[in-house]
Every structure is written in C-alpha cells, then in structure tokens.
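Residues per chain are reported as follows:
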Amino acid sequence: MEFNEMKMIWDSQNQEPLYAMNEAALHGVVQRRSQEWERCLARCFVVEITLGLACGLLMLVCAVALAFGDQAWLASFSWVRVTVSPWDSLALFLAGGIWFYYSAYMYLARHRQLRREELFESTLRGAIERALAQTEFQVTTARNIVWWGLLPVWVASTLWVLTLLHLAAKPAWTYPFMAIVIITALVVVIVGKRRSITDRFQPRQAELEALRAKLADPQL
C-alpha cells in the first residue's frame, strides 16, 4: 500500500473536509494496490495447490507401482537394488496422502478467504477493510502453515527420501546427510515465512490501519 501517495492526496485538502473527488482518488489507490496484492496472492496459492497435487499424484503412482507391480519388472530398474517390501509402498501411499491433504488445506483456506471478502462494501472504507482482511489472512496463513502445512509436507518428503534410499540400498551415512538437508530446507522456508510477516504484511497492515484511523478522524 502506497500510504505516502494516499497521504499526499489527503493533505491536498489543506485541513478542509474530504470531498468526493479526493475520496474517489483514495479509493482508486486502495483498489489498485489491493488488486496487485490479490494477483500475487492468487499466483502463490495456485503454485502451492498445483505442487501439492503434482507431488501427491507422483507418489501415489509410485506407491501403486511398488504395491502391485511385478517384482521382476521392478528389479529391472537399475536403481532398485533390494526387494520391494510392503512398507515401501505404504510409506509412499502415506506421503501422497499428505501432499493431497496439503493441496486441499491451501484450497479451502483460499476459498474461505474469498467468501469473506465478498461481504465488504464497494466503498473506500469497504476497500480498506477488505485489504485489511486480506493482509490479516496472509499473516494468519504464514503462521499456521508452519504447523498445518510445512511440517506435514516435511514428513511426506522424509518418507519419500527414506523409501528411495532404501530401494537404492544407499549406505548408512546418506540417511543423516539427507535428514540434515531436509531439516535445513524446512528451516529456510519457515524463516522465509516469518520474514514475510515482519517485512511485508505487518507494514502493510499498519499503513492500512493508519488510513482507516485517518478516515475516522481527519484531524489525525
């Protein structure tokens, strides 16, 4: 939100009441910036949902192949160096289910937010409240996704990697090495989510709240 731009429009009134022209200009700024945020948010959710579906489908296909594929056919793959056990297919079924859950979680969260945004009026104040609701949704999602999204996905990724290592008969030292890689990736993503809250969402939230307060009391 370009709050300085909105403040310049507001201050051009020189302590006079807010006229319709300036309110329309402010409304246009709020709408334009909100639409930019909305497009970015929509792209992020499309990527996350598609990723969940793609990974879930990949692991489901692999699980079915391991569970019902002919052992001789499976052994024909050069990287499969051990006999496939039911635990291998079970791990991939579980991993695939977790990825599908993640995709559904993101879709439902996005759907609920879009339904909430429909309740706001098509006015300046309604646009500000809608933008605030959008920002609060992003903050809440960035916080909750750590427990309801990233950790389950981390479990799914761990099951996937462990299964591949087992089938490829990799040496024991590769297991802790891959564990460190997966944990590091998880930490990096969590830190990125936290920084997005403090660096992007909270400043925008503060600007919107300041504008809302200014509308409520023009003397501020």
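Residues numbered from 1 in each chain as written. Predicted model: local features only at pLDDT ≥ 70, side-chain atom pairs only at ≥ 80, totals over all residues. Heavy atoms only, no water.

1. A short note on the overall build of the protein
Helix and strand counts for the protein stand at 6 helices and 0 strands. Counting from the amino terminus, the protein carries its helices and strands in the arrangement α-α-α-α-α-α. Burial analysis of the protein (220 residues in total) assigns 36% to the buried set. Here the protein has roughly 12900 Å² of accessible surface; of this, 66% comes from carbon and sulfur atoms. (Helix = DSSP H or I, 4+ residues; strand = E, 2+ residues; numbered from the N terminus. Buried < 20%, exposed > 50% of the residue type's maximum accessible area, 1.4 Å probe, protein only. Areas by Shrake-Rupley, 256 points an atom, 1.4 Å probe, with all protein chains shown as cover.)

2. A few points about the nonpolar core
Side chains that are nonpolar tend, in soluble globular proteins, to be buried together. In this structure, W99, Y102 and M106 are the most contacted members of the largest nonpolar core, which totals 21 residues. Elements that contribute at least two residues to this core include exactly α2 (20–68), α4 (86–117) and α5 (124–167). It is α4 that provides the largest number of residues to this core, a total of 8 residues. Once you skip the residues sitting within four places of it in the chain, W99 turns out to touch L51, G52, C55, G56, M59, V153, A156 and S157. (Core = buried A, V, L, I, M, F, W, Y, C linked by side-chain atoms within 4.5 Å. Contact = heavy atoms within 4.5 Å.)

3. Side note on the pattern of salt bridges
Applying the stated criterion across every chain yields a total of 4 salt bridges. E38 is the partner of R110 in a salt bridge, and the nearest nitrogen-oxygen pair spans 2.2 Å. Pair noted here: R110 is in helix α4 and E38 is in helix α2, with a separation of 72 residues, a long-range link. R115 is the salt-bridge partner of E118, the closest N and O atoms lying 4.0 Å from each other. The exposure classification of E118 matches that of R115, with both residues exposed. (Salt bridge = Lys/Arg side-chain N within 4 Å of Asp/Glu carboxyl O.)

4. Observations regarding the packing of α4 against α5
Two elements in contact, α4 and α5, have axes whose closest approach is 8 Å; the angle formed by their N-to-C orientations is 170 degrees. By the angle between their axes, α4 is roughly antiparallel relative to α5. For the contact of α4 with α5, the per-class residue count stands at 22 nonpolar, 7 polar and 5 charged. (Axes fitted to C-alpha atoms, helices over the stretch in contact; angles between N-to-C directions. Parallel < 35°, antiparallel > 145°, perpendicular 65-115°, else oblique. Nonpolar A, V, L, I, M, F, W, Y, C, P; charged D, E, K, R; others polar.)

5. Points about helix α6 (residues 174–216)
A rise of 1.5 Å per residue sets the reference length of α6, with its 43 residues, at 63 Å; its end C-alpha atoms lie 61 Å apart and thus fit the reference within 8%. A bend of about 35 degrees at F201 is the largest found in α6, and the proline P203 appears one to four places after it. Buried within α6 we find T174, I182, L186, S196, I197, F201, R204, Q205, L208, L211, K214 and L215. (Expected span 1.5 Å × (residues − 1). Bend = angle between axes of the 7 residues up to and from the residue.)

6. Concerning a nonpolar patch on the surface
A cluster of nonpolar side chains, L53, L57, L60, V61, V64, F68, F93 and F100, forms an exposed patch at the surface whose accessible area comes to about 710 Å². Among the elements of the structure, α2 and α4 are those that each provide at least two residues to the nonpolar patch. The element best represented in the nonpolar patch is α2, accounting for 6 residues. With respect to the secondary-structure elements, L60 resides in helix α2. (Patch = residues over 30% accessible without salt bridge, like charges linked within 9 Å, V, L, I, M, F, W, Y side chains within 5 Å.)

7. Observations concerning the packing of α5 against α6
Viewed as axis vectors pointing N to C, α5 and α6 meet at an angle of 175 degrees, and their least axial separation amounts to 9 Å. Judged by the angle between their axes, α5 and α6 are roughly antiparallel. Among the residues making up the contact of α5 with α6, the classes are represented as 26 nonpolar, 10 polar and 9 charged.

8. Quick look at the packing of aromatic side chains
Aromatic rings in a pair are described by how distant their centres are and how their planes are angled relative to each other. If you walk through the whole model with that rule in mind, you get 5 aromatic pairs. Measuring from centroid to centroid gives 6.0 Å for W37 and F201, while their planes differ by 55 degrees, and the two rings are tilted. Note that W37 is positioned in helix α2 and F201 in helix α6, a separation of 164 residues in sequence. Comparing W37 with F201, the two get one shared label, buried. Taken together, a centroid distance of 6.1 Å and an interplanar angle of 35 degrees make the contact between Y101 and Y105 tilted. Remark: Y105 and Y101 occur in helix α4; sequence separation between them is 4 residues, near one turn of the helix. For Y101, a relative accessible area of 32% gives the class partly exposed. (Phe/Tyr/Trp six-rings, centres within 6.5 Å; stacked < 30°, edge-to-face > 60°.)

By themselves, these figures tell us nothing about what the structure is for.
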